[in-house]
Amino acid sequence: MKKKNPITWVPTTYFAMGLPFVMLSLVFPIIFKGLGIPDDQNAFWTSLLILPWSLKPIISVIMELYGTKKQYIVITELVSAALFGCIVFSLPLPNFFTVCLALLGVIALSGSTHDIAGDGMYMEQLDTATQSVYSGWQGAFYNLAKVLANGGLIFLAGWLVKAKGMSVIASWQLILSICATILGLVGLYHLYALPKDTKPQQAGDFNVKMKELWGIFVAFFRKKYIFYYLFFIFLYRFAEGLAMKIAPLFLIAKTDKGGLGLTEQEYGLVYGTAGVIAFIIGSISAGYFVSRVGLRKALFTLACAFNIPFVVYLLFAYFQPSHLPTIALGIVGEYFGYGFGFVGLTLFMMQQIAPGKYQMAHYAFANSLMNLGVMVPGMISGFLSKYLGYQHFFLLVMICTIPALLITWKVPFTYDSKQNKIDEKAH
């Protein structure tokens, strides 16, 4: 059977992976605010909706036992499309907030399941060299969904109200209809475009499956170097977790408060548009770079590219430049390094941690810890920046890059570029 060209399904899979997450985490808080939901309720419930993306290990072990990855991808895309369509009709209801939250909760479960299946399909269908080439396309199209939803669709909603005189509810109904249509079309396309994948590895009654479930957890923690790897994952993005919660606030903060004083228009143009484009270019460039030199040789370079450019914000905090092109150049450079270096961690998890009988579930385990490595510093970053001030805060960020670079320099590899186990003597 002729193998499917990855270009026909990798970009669309990762675009469909990004769209529901961005809608729930970034767009719906704006929708609810525009429809009069108080900020405290809005923040609480829209934050809680993201919980399923933190439950990937639990969801993934069930998925290892039932169904195929293609089935999960197509079904979740169509289910999410249908539910976004249902939300369109719920917005005019008196109890729309309750109804929306219930529907969004199911979309969150569907989106998290889609993420796991999409990554599983990617690892199963592509060899390590091809994974490296297309790793950049992963990040590019995931972020394209962010540009579309958090940029284009929100802009369109505001334009429809101001320029066309539509009501707020009607404008958001149109936006959500567009979102539902896009996901539905992608789901139908994937019925034909996605490659066929393997069936579950074990059949049997409930007791047999529960035994297999436990075996998946045990197998993960028996992997060679696993605790070193988990520590490496946590540290790789720690500085990012500190910086990326505060950087946007710093850029728009008044100059007398230590910020750069960018207007919303300048912020959107430089950080939201030019920065994302630079991230996409960096991601794609890194994929081809790793495919040429191999992950083992490339990893430290990628870690440097990911962490060192945060120095831009330290320089901004000390010199407070007002020249917009200078600020734009710094942000574009930082975002390019961010996209270039992020590929290293993704590929490491796919090629050194996930391989084995339960690669989909084990990748989900690693991915969840990676998110924890951003969440924990992000939770304390506001307190630290308030206490230290922007200058000393971004100096702390740079100090926190040192452990990440040190642990990357010494990180051992379990598999070579052809997914053969490396002899211990090689270390």
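That block above? That's the structure.
These numbers come from a predicted model, not from an experiment. (Residues numbered from 1 in each chain as written. Predicted model: local features only at pLDDT ≥ 70, side-chain atom pairs only at ≥ 80, totals over all residues. Heavy atoms only, no water.)

1. Some words on the overall build of the protein chain
Alright, step 1. When helices and strands are tallied, the protein chain shows 15 helices and zero strands.
Alright, step 2. Counting the 427 residues in the protein chain, one finds 54% classified as buried.
Alright, step 3. Excluding contacts between residues fewer than 6 apart, the proportion of contacts in the protein chain whose partners are at least 24 apart in sequence is 83%.
Alright, step 4. For the protein chain, the accessible surface area stands at approximately 19,400 Å², while carbon and sulfur atoms represent 69% of it. (Helix = DSSP H or I, 4+ residues; strand = E, 2+ residues; numbered from the N terminus. Buried < 20%, exposed > 50% of the residue type's maximum accessible area, 1.4 Å probe, protein only. Contact = heavy atoms within 4.5 Å. Areas by Shrake-Rupley, 256 points an atom, 1.4 Å probe, with all protein chains shown as cover.)

2. Focus on a nonpolar patch on the surface
Alright, step 1. Taken together, L315, Y318, F319, L395, I399, I402 and L406 make up a surface patch of nonpolar side chains, about 720 Å² in accessible area.
Alright, step 2. If you list the elements that add at least two residues to the nonpolar patch, you get α13 (311-319) and α15 (359-410).
Alright, step 3. In terms of residues, the nonpolar patch owes the most to one element, α15, which gives four residues.
Alright, step 4. Looking at the element boundaries, L315 is found in helix α13. (Patch = residues over 30% accessible without salt bridge, like charges linked within 9 Å, V, L, I, M, F, W, Y side chains within 5 Å. Salt bridge = Lys/Arg side-chain N within 4 Å of Asp/Glu carboxyl O.)

3. Concerning the packing of aromatic side chains
Alright, step 1. One pass over the full model with this rule turns up 28 aromatic pairs.
Alright, step 2. On the basis of an interplanar angle of 20 degrees and a centroid distance of 6.4 Å, the ring pair of F28 and F84 is categorised as stacked. Note that F28 is positioned in helix α1 (residues 10-34) and F84 in helix α4 (residues 69-90), a separation of 56 residues in sequence.
Alright, step 3. Judged by centre distance (6.0 Å) and plane angle (20 degrees), the rings of F336 and F340 are stacked. Linking F336 with F340, this pair stays in helix α14 (residues 324-353), spanning four residues, or about one helical turn.
Alright, step 4. Residue F340 is classed as buried on the basis of its relative accessible area of 13%.
Alright, step 5. Three or more aromatic residues joined by ring pairs make a cluster, and in this case those are Y225, Y229, F232, Y236, F279, F306, F310, Y335, Y338, F342, F348 and F413. (Phe/Tyr/Trp six-rings, centres within 6.5 Å; stacked < 30°, edge-to-face > 60°.)

4. Here's the deal with the pattern of salt bridges
Alright, step 1. What the rule picks out here adds up to two salt bridges.
Alright, step 2. Here E124 makes a salt bridge to K69, at a shortest N to O gap of 3.0 Å. In this pair, E124 sits in helix α5 (residues 96-125) while K69 sits in helix α4, placing the two residues 55 residues apart along the sequence.
Alright, step 3. Residue E124 is classed as partly exposed on the basis of its relative accessible area, which comes to 24%.

5. Brief notes about the nonpolar core
Alright, step 1. Ranked by size, the top nonpolar core spans 91 residues in total, and within it F232, I233, F250, F316, F348, I353 and F394 carry the most contacts.
Alright, step 2. Of all the elements, α15 adds the most residues to this core, at 16 residues.
Alright, step 3. Those residues within four positions of F316 in sequence are excluded, and the remaining contacts are F250, L251, L260, P321, T326, I327, G330 and I331.
Alright, step 4. In this structure, L19, L35, I37 and A149 belong to the second largest nonpolar core, which totals 41 residues. (Core = buried A, V, L, I, M, F, W, Y, C linked by side-chain atoms within 4.5 Å.)

6. What to know about unusual backbone geometry
Alright, step 1. One non-glycine residue with positive phi stands out, namely Y225, at about 65 degrees.
Alright, step 2. The topology assignment puts Y225 in the loop between α8 (206-221) and α9 (226-236).
Alright, step 3. Owing to a relative accessible area of 26%, Y225 belongs among the partly exposed residues under this scheme.
Alright, step 4. Positioned with a positive phi, Q320 is a non-glycine residue whose angle comes to about 40 degrees.
Alright, step 5. Tracing the sequence through the fold places Q320 in the loop between α13 and α14.
Alright, step 6. A relative accessible area of 30% means that Q320 is categorised as partly exposed.

7. Examining the packing of α1 against α5
Alright, step 1. Axis separation between α1 and α5 bottoms out at 10 Å; the angle between their running directions is 155 degrees. For the element pair α1 / α5, the angle class is roughly antiparallel. Relative to α5, α1 is oriented so that their crossing is left-handed. Each of V10, T13, Y14, A16, M17, P20, L24, F28 and F32 in α1 lies in contact with α5, whose residues at this interface are F96, F97, C100, L101, L104, I107, A108, H114, D115, G118, D119 and Y122.
Alright, step 2. Considered class by class, the residues forming the contact of α1 with α5 number 16 nonpolar, three polar and two charged. (Axes fitted to C-alpha atoms, helices over the stretch in contact; angles between N-to-C directions. Parallel < 35°, antiparallel > 145°, perpendicular 65-115°, else oblique. Left-handed = near helix turned anticlockwise from the far one by under 90°. Nonpolar A, V, L, I, M, F, W, Y, C, P; charged D, E, K, R; others polar.)

8. As for the environment of P92
Alright, step 1. Within the secondary structure, P92 sits in the loop between α4 and α5.
Alright, step 2. In sequence terms P92 and L35 are 57 residues apart; their C-alpha atoms lie 10.0 Å from each other.
Alright, step 3. Apart from the residues lying within four places of it in its own chain, the contact partners of P92 are I169 and Q173.

9. Focus on the packing of α13 against α14
Working note: a packed helix pair is described by the angle between its axes plus the distance between those axes.
Alright, step 1. Their axes nearest at 9 Å, the elements α13 and α14 cross at an angle of 155 degrees. When the axes of α13 and α14 are compared, the pair comes out roughly antiparallel. Across the interface between the two elements, V312, Y313 and F316 of α13 pack against T326, I327, G330, I331 and E334 of α14.
Alright, step 2. Residues that form the contact of α13 with α14 fall into these classes: five nonpolar, two polar and one charged.

10. Examining α5
Alright, step 1. Over its 30 residues, α5 extends 42 Å from the first C-alpha to the last, a length consistent with the 44 Å expected when each residue adds 1.5 Å.
Alright, step 2. Along α5, 23 of the 30 residues are buried, which leaves the element largely enclosed by surrounding structure. (Expected span 1.5 Å × (residues − 1).)

11. Quick notes on the side chain of S171
Alright, step 1. Checked against the element boundaries, S171 lands in helix α7 (residues 168-193).
Alright, step 2. In this structure S171 comes out as buried when scored by relative accessible area, which is 1%.
Alright, step 3. When neighbours within four sequence positions are excluded, S171 is seen to be in contact with A157, L160, V161 and M166.

12. Quick look at the environment of I154
Alright, step 1. Topologically, I154 is positioned in helix α6 (residues 128-164).
Alright, step 2. Separated by 18 residues in the primary sequence, I154 and W172 place their C-alpha atoms 8.8 Å from one another.

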